[in-house]
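Working through the structure, step by step
Each chain, written out:
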Amino acid sequence: MPGLGSQPYPGFSSVSCPSSMPDLKEHHSAMACVLKSSPAIYEQLRDRTTSAGVGLAACIKPGVDDPGHPKAVSAGIVAGDEACYKEFSDLFYPVINRLHGAVVPASGHPFDADMSKLSLRSLDPQGGSVVSVRVELRRNVRGLRLAPCISHPERREVERLLVAGMAALGEEGPPASTCPWPAPRATRRAPAASPGLTSRGCATCCSPSPRVWRGSPPGSGATGRTRGAPTSQRRRACTSAATRRTT
């Protein structure tokens, strides 16, 4: 499916920027607002690429394809790799500051790991307002491109690093594969002979779609659907799913 695998979503090019800035008059993202107020930024950055080959087009494509809504302002920009924040800082910094206040580059991203500041007080003791609470933690792997631009071989490397890290935890040992999706029929193999990375894909190793399953690797951008199960149980569940679908 375009946008969920190796093929980009139809619309604005993810490879190169046109000579003229796209029409953003009806767009409401923070990226669009920055470019509309300072069009020279587009001209300054449109031909630049990072050392990994990520250009401005791939970064602003989400915000160009989706005009957004004035009452729900999104970033409208994504980073294809870690170097994007520096290479395209003239655009990323104003966008971040619009969304989070003046935090870059002067003060940097706020960071506080003091657990004593967390309150144990119930948010809604009577249960009349709060439906659910979710905390997400996402990390990326240095040296590998991020989900919007990551290649299939890089996803394989992310999985390899994840499995090695899980094995280092000293539990039951890593599964042959953590991806529950089957390979195409012509290339389908047992998990022991294949890393389980396929064209249909999951957010872990084949597509940038978020929120697939808990325990996804750094760099995938994926967050939880199966919550609460111990790591070993999740590994067994994913391995069993891959085995059922590939035999």
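Cut-off values and rules
Residues numbered from 1 in each chain as written. Predicted model: local features only at pLDDT ≥ 70, side-chain atom pairs only at ≥ 80, totals over all residues. Heavy atoms only, no water. Helix = DSSP H or I, 4+ residues; strand = E, 2+ residues; numbered from the N terminus. Buried < 20%, exposed > 50% of the residue type's maximum accessible area, 1.4 Å probe, protein only. Contact = heavy atoms within 4.5 Å. Areas by Shrake-Rupley, 256 points an atom, 1.4 Å probe, with all protein chains shown as cover. Polar contact = N/O pair within 3.5 Å; in protein donor to acceptor, adjacent residues only side chain to side chain. Salt bridge = Lys/Arg side-chain N within 4 Å of Asp/Glu carboxyl O. Disulfide = S-S within 2.5 Å. Axes fitted to C-alpha atoms, helices over the stretch in contact; angles between N-to-C directions. Parallel < 35°, antiparallel > 145°, perpendicular 65-115°, else oblique. Left-handed = near helix turned anticlockwise from the far one by under 90°. Nonpolar A, V, L, I, M, F, W, Y, C, P; charged D, E, K, R; others polar. Core = buried A, V, L, I, M, F, W, Y, C linked by side-chain atoms within 4.5 Å. Patch = residues over 30% accessible without salt bridge, like charges linked within 9 Å, V, L, I, M, F, W, Y side chains within 5 Å.

As annotated in an unreviewed UniProt entry, the protein chain is Phosphagen kinase N-terminal domain-containing protein from Prorocentrum cordatum.

So, the overall build of the protein chain
Scanning the protein chain from N- to C-terminus turns up 7 helices and 0 strands. Traced from its N-terminal end to its C-terminal end, the protein chain shows the element sequence α-α-α-α-α-α-α. Per-residue burial for the protein chain yields a buried fraction of 36% across its 247 residues. Look at the contacts in the protein chain between residues 6 or more apart in sequence, and 58% of them connect residues 24 or more apart. A total accessible area of about 14,900 Å² is found for the protein chain, and carbon and sulfur atoms account for 54% of it.

Details of the side chain of K61
Among the secondary structure elements, K61 is positioned in helix α3 (residues 56–65). A distance of 2.7 Å separates a polar side-chain atom of K61 from the backbone oxygen of Y9. Within the structure, the side chain of K61 is placed 2.5 Å from the backbone oxygen of F12, a separation counted as a polar contact. Every residue in contact with K61, bar those within four places of it in the chain, is listed here: P8, Y9, P10, G11, F12 and S14.

Notes on the pattern of salt bridges
When the charged atoms of two side chains lie near each other, side chains of opposite charge can form a pair. Enumeration according to the criterion identifies 8 salt bridges in this entry. A salt bridge links R46 to E43; its shortest N-O distance comes to 3.4 Å. Sharing partners across several salt bridges, the network here consists of E43, R46 and D47.

Quick notes on the state of the cysteines
Applying the stated rule across the entire model yields 0 disulfides. Here C59 stays free of any disulfide, with the sulfur of C84 as its closest cysteine sulfur at 3.7 Å. A residue is classified by how much of its surface remains accessible, and C59, at 1% relative accessible area, is buried. Take C149: it sits in no disulfide, and the sulfur closest to it among the cysteines is that of C59, at 6.3 Å.

Quick word on the packing of helix α1 (residues 30–37) against helix α5 (residues 89–100)
It is the contact of α1 with α5, at a shortest axis distance of 9 Å, that shows an interaxial angle of 120°. When the axes of α1 and α5 are compared, the pair comes out oblique. The handedness of the crossing between α1 and α5 is right-handed. Here A30, M31, C33, V34, L35 and S37 of α1 lie close against α5, whose contacting residues are L91, P94, V95, R98 and L99. Class assignment of the residues belonging to the contact of α1 with α5 gives a composition of 9 nonpolar, 1 polar and 1 charged.

Some remarks on the environment of E136
With respect to the helices, strands and loops of the structure, E136 is situated in the loop between α5 and α6 (152–167). A distance of 2.9 Å separates a polar atom in the side chain of E136 from a polar atom in the side chain of R134.

A word on the nonpolar core
By size, the foremost hydrophobic cluster in this structure holds 27 residues, and its most contacted members are M31, L56, I60, I77 and L91. Listing elements by their share of this core, those giving two or more residues are α1, α2 (40–45), α3 and α5. The residues contacting L91, other than those within four sequence positions of it, are M31, V34, L35, I41, L45, L56, I60 and I77.

Examining the side chain of S89
Relative to the assigned elements, S89 resides in helix α5. In this structure, S89 is in contact with C84 and P94, ignoring residues within four places of it in sequence.

Considerations on a nonpolar patch on the surface
The grouping of L123, V130, V133 and V135 at the surface amounts to a nonpolar patch, some 420 Å² of accessible area in total. Among the secondary structure elements, V133 is positioned in the loop between α5 and α6. Of the residues examined, V133 reaches a relative accessible area of 58% and is grouped as exposed.

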